[in-house]
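# Structural description and commentary
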Amino acid sequence: VFFTIGAVEAFSNNFKLTPGDMFADGRAPGDLGFDPLGCGKNPDALARRQLVEVKNGRLAMLAFSGMLHQQLLTKQGVIEQLANFKAIM
């Protein structure tokens, strides 16, 4: 997955690999010009969607760190804990 995303980014940037070169033409990170539904036509809606995407990414990072800390503290994987779940009552 990472290599595929990296290849798409490399081809779309004409193999400009440094951030200074990559975004010199004014392109925003992650903007590959693919918008078949026209979601970016309204600038206000686009700004809201970008903010929602950033918040979603932050929430996903918090959730993953919670799963990681749970695994480190209990010495059990998340799936293993779900399989061996016992209710308190």
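Basis of the calculations
Residues numbered from 1 in each chain as written. Predicted model: local features only at pLDDT ≥ 70, side-chain atom pairs only at ≥ 80, totals over all residues. Heavy atoms only, no water. Patch = residues over 30% accessible without salt bridge, like charges linked within 9 Å, V, L, I, M, F, W, Y side chains within 5 Å. Areas by Shrake-Rupley, 256 points an atom, 1.4 Å probe, with all protein chains shown as cover. Salt bridge = Lys/Arg side-chain N within 4 Å of Asp/Glu carboxyl O. Lys, Arg positive; Asp, Glu negative; His and termini not counted. Charge placed at Lys NZ, Arg CZ, Asp CG, Glu CD. Helix = DSSP H or I, 4+ residues; strand = E, 2+ residues; numbered from the N terminus. Buried < 20%, exposed > 50% of the residue type's maximum accessible area, 1.4 Å probe, protein only. pLDDT = per-residue confidence, 0-100. Phe/Tyr/Trp six-rings, centres within 6.5 Å; stacked < 30°, edge-to-face > 60°.

### A short note on a positive patch on the surface
A cluster of basic side chains, namely Arg48, Arg49, Lys55 and Arg58, defines a positive patch on the protein surface. With respect to the helices and strands, the residue Arg58 is situated in helix α3 (residues 43-74). Residue classification places Arg58 among the exposed positions, given a relative accessible area of 52%.

### So, the confidence of the model for the chain
Summarising the model, the chain shows a mean pLDDT of 86, and 100% of its residues fall at 70 or more. Within the chain, the element-level pLDDT minimum falls on helix α2 (residues 19-22), averaging 79, and the maximum on α3, averaging 92.

### Structural notes on a nonpolar patch on the surface
The grouping of Phe64, Met67, Leu68 and Leu72 at the surface amounts to a nonpolar patch, some 390 Å² of accessible area in total. Position of Leu68 among the secondary structure elements: in helix α3.

### Focus on the packing of aromatic side chains
All chains considered together, the criterion is met by one aromatic pair. Taken together, a centroid distance of 5.1 Å and an interplanar angle of 70 degrees make the contact between Phe11 and Phe15 edge-to-face. Phe15 matches Phe11 in its accessibility class, with the two residues each being exposed.

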